[in-house]
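Residue-level structure breakdown
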Amino acid sequence: MPVQDDRAVYSIGAVARMLDVPTSTLRAWEERYGVVTPHRSGGSQRLYSRGQVEQLRYIKEQMDSGMSAADSHRLLAQELQAGQLPATPGGEDAARKPLVLIAERDKYAARLAEYFLRTEGCEVAIALNATHAKLYFDERAPDLVLIDLLISGGAGFRLLADFGSQGSAQLVAVSAIDSADEALHLGAAAFMRKPVEPLILVSTIRDLLGTSALVRPRHRRFATS
């Protein structure tokens, strides 16, 4: 699958969960080898693009095959220097039907996101205010919540903190203003600035749910070298 966009949206915690690599290992790789260097938000939070997640997955696969961390990074650097990007493998679980809760103040944006997510095989619930979002979250236990931080006059920040404290769902924050630092601090796995392109939204959600080709089955954890 070609990468549709290379915006930095994923937190280091989200990347660690997607690839089953400890955050401490990701930091060590960055500091020691400097091949995959995440972007930094205004508050110095690490943010990874989808392309960088693919590169880290490539490193993990080389280490799975017995290669050292140093040699894996060296091989990736050579591929990137040659203008070659690691290929994304195929093979998805098409039967999985995760539930996505959309907490969105804009009804049109919510319906558009719903259309694309249902096309991708997700179940979708929509809440157009913070009160309904909380009720849906408590009653239906979604796998992922897409939260407009400005819903109900900015109540999305409170929802993010509340849902994040429970740790039962992946959280994606969107906003028309740059709120990446606060969103990540409150527990968002990814942040995207509105307007969000539907295909980018879908690929981000599928990555976080583990239903995309970018996310491989979990293997053993790694040492940093």
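Before reading on, note that the structure itself is shown above.
Heads up: these notes are all about the structure in this document. (Residues numbered from 1 in each chain as written. Predicted model: local features only at pLDDT ≥ 70, side-chain atom pairs only at ≥ 80, totals over all residues. Heavy atoms only, no water.)

Quick look at the pairing of strand β8 (residues 190-193)
Relative to β8, strand β7 (residues 170-175) is paired through four bridges, and the arrangement is parallel. In the sheet register, V172 faces β8, and the bridge partner there is A190. Taken together, β7, helix α8 (residues 180-186) and β8 form a β-α-β motif whose crossover is right-handed. (Pairing = 2+ DSSP bridges. Helix = DSSP H or I, 4+ residues; strand = E, 2+ residues; numbered from the N terminus. Right-handed = clockwise from strand over helix to strand, strands pointing away.)

Here we look at the nonpolar core
One finds Y10, V15, L26, L56, I102 and L208 to be the most contacted residues of the largest nonpolar core, which totals 41 residues. In this structure L208 touches Y10, A14, M18, L144, Q170, V172, A189 and A190, once residues within four positions along its chain are discounted. Membership of the second largest hydrophobic core comes to 26 residues, among which are L99, A130, F137 and L184. (Core = buried A, V, L, I, M, F, W, Y, C linked by side-chain atoms within 4.5 Å. Buried < 20%, exposed > 50% of the residue type's maximum accessible area, 1.4 Å probe, protein only. Contact = heavy atoms within 4.5 Å.)

A few points about the environment of S49
On the secondary structure map, S49 appears in strand β3 (residues 46-49). Considering only alpha carbons, one finds S49 and V9, 40 residues apart in sequence, at a separation of 5.9 Å. Ignoring sequence-local partners within four residues, the contact set of S49 consists of D6, R7, A8 and Y10.

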